[in-house]
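Working through the structure, step by step
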Amino acid sequence: PLRIAALVSGRGSNLQAIIDAIAGGRLSAEIGVVISNVASAAALQRAESQGIPTQVVRNRDFPDREAFDAELTRCIDAHEADLVVLAGFMRLLTPGFVQRFSGRLVNIHPSLLPAFPGLRPHERALEAGVRIHGATVHFVNEETDGGPIIAQAAIPVLADDTPETLAVRVLAQEHRLYPMALQWISEGRLRLENGRVLVNGAESPPLPM
Ligand code: GAR
């Protein structure tokens, strides 16, 4: 099966959704290693409690981004991962790293990209007055939260939403969306063509809402 290296920085609820999808037979994959740049990340405990190997690679221990990314690369390769899955990994990766794992590096971001890349997407969505918000799974390129879109899930913005209430409803969609997108990859259903993702020939497959 697809061998995943997951990169995390925090809570790890998306990692948990992936672990649960594998356990539940909805995702045919295995997680070879979970790597965190933050030693105290709750995501590491989630992995350890499942017997998944973990590794802490602290960005502060390295003189620059290149050296940090070189160590990430070494860990990923040591665990023979096919796919690098960013799950709440809050460090920007160098162009060298992104190119090395081109087509094998995916991310989830809590907005309907290309709207609201980067930090505080929920707050900025409310400020912009959008009526629809959501989450995006995408291949990673050199731009922050950029790259070809694999799958999206949308939710309505409610009149009394706060960044926090919005985040809760988007997160529920993330937990559904990420395992689904990874399963598409696992099944070999995705193709990159002219910088866009085709899923089994269809550009925009219907989402099971
Ligand atoms: C998730 O909402 C994820 O989409 C977001 O961080 C959160 C991590 O939560 N990622 C980004 O903002 C990437 N730019 P988790 O640790 O519980 O999965």
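Because the structure is predicted, anything quoted here is derived from the model rather than measured.

Let us look at the overall build of the protein chain. Along its length, the protein chain carries six helices and nine strands. Relative to the 2.2 N^0.38 estimate, which gives 17 Å for 209 residues, the radius of gyration of the protein chain is 16 Å and therefore close to what a compact globule would have. With respect to the three principal axes, the spread of C-alpha positions in the protein chain is 45 × 35 × 35 Å. Classification of the 209 residues of the protein chain by burial places 47% in the buried group. Within the protein chain, counting contacts between residues at least 6 apart in sequence, those at least 24 apart form 61% of the total. On the protein chain, roughly 10100 Å² of surface is accessible, and the fraction owed to carbon and sulfur atoms is 52%. Taking the average place of the 19 positive charges on the side chains of the protein chain and the average place of its 23 negative ones, the gap between the two points comes to 2 Å.

Further remarks concern the site of the ligand. Around the ligand sit Arg11, Gly12, Ser13, Asn14, Gly88, Met90, Ile108, His109, Pro110, Asp145, Leu171 and Glu174, and that is every residue in its neighbourhood. Glycine 12 places a polar main-chain atom, nitrogen or oxygen, 2.7 Å from an oxygen atom of the ligand. Glutamate 174 places a polar side-chain atom, nitrogen or oxygen, 2.6 Å from an oxygen atom of the ligand. When atom positions are compared with the pocket grids, the ligand is found to occupy the largest pocket.

Let's shift gears to the UniProt feature "binding site: (6R)-10-formyltetrahydrofolate" (unreviewed entry) in the protein chain. In the numbering used here, UniProt assigns the feature "binding site: (6R)-10-formyltetrahydrofolate" (unreviewed entry) to Arg65, Met90, Arg91, Leu92, Leu93 and Asn107. Among the residues just listed, Met90, Arg91, Leu92, Leu93 and Asn107 line the largest pocket. On the secondary structure map, arginine 91 appears in the loop between strand 4 (83-86) and helix 4 (95-100). Overall, arginine 91 belongs to the partly exposed group, its relative accessible area being 29%. Beyond its immediate sequence surroundings of up to four residues, arginine 91 is in contact with Asn37, Asn59, Arg65 and Phe68. Here leucine 93 is to be found in the loop between strand 4 and helix 4.

Spatially, the seven strands line up as an open sheet ordered 3-2-1-4-5-6-7, and their pairing is mixed. Two strands lie at the open edges of the sheet, namely strand 3 (54-56) and strand 7 (149-156), each paired on one side alone. Strand-to-strand twist across the sheet, computed as the mean angle between neighbouring axes with direction ignored, equals 20°. As paired elements, strand 5 (residues 105-109) and strand 6 (residues 132-139) share four bridges and run antiparallel to each other. Opposite valine 106, over in strand 6, you have phenylalanine 139 as the bridge partner.

Here is what the cut-offs are and how they apply
- Residues numbered from 1 in each chain as written.
- Predicted model: local features only at pLDDT ≥ 70, side-chain atom pairs only at ≥ 80, totals over all residues.
- Heavy atoms only, no water.
- Helix = DSSP H or I, 4+ residues; strand = E, 2+ residues; numbered from the N terminus.
- Rg over C-alpha atoms; globule rule 2.2 N^0.38 Å.
- Buried < 20%, exposed > 50% of the residue type's maximum accessible area, 1.4 Å probe, protein only.
- Contact = heavy atoms within 4.5 Å.
- Areas by Shrake-Rupley, 256 points an atom, 1.4 Å probe, with all protein chains shown as cover.
- Lys, Arg positive; Asp, Glu negative; His and termini not counted.
- Charge placed at Lys NZ, Arg CZ, Asp CG, Glu CD.
- Near = heavy atom within 4 Å.
- Polar contact = N/O pair within 3.5 Å; in protein donor to acceptor, adjacent residues only side chain to side chain.
- 1 Å grid on protein atoms, 1.4 Å probe; cavity = no way out; pocket = protein on both sides within 12 Å on 5 of 7 lines; lining within 4 Å.
- Sits in = over half its atoms within 2 Å of the grid points.
- UniProt positions renumbered as here; feature names shortened; annotations may be inferred.
- Pairing = 2+ DSSP bridges.
- Axes fitted to C-alpha atoms, helices over the stretch in contact; angles between N-to-C directions.

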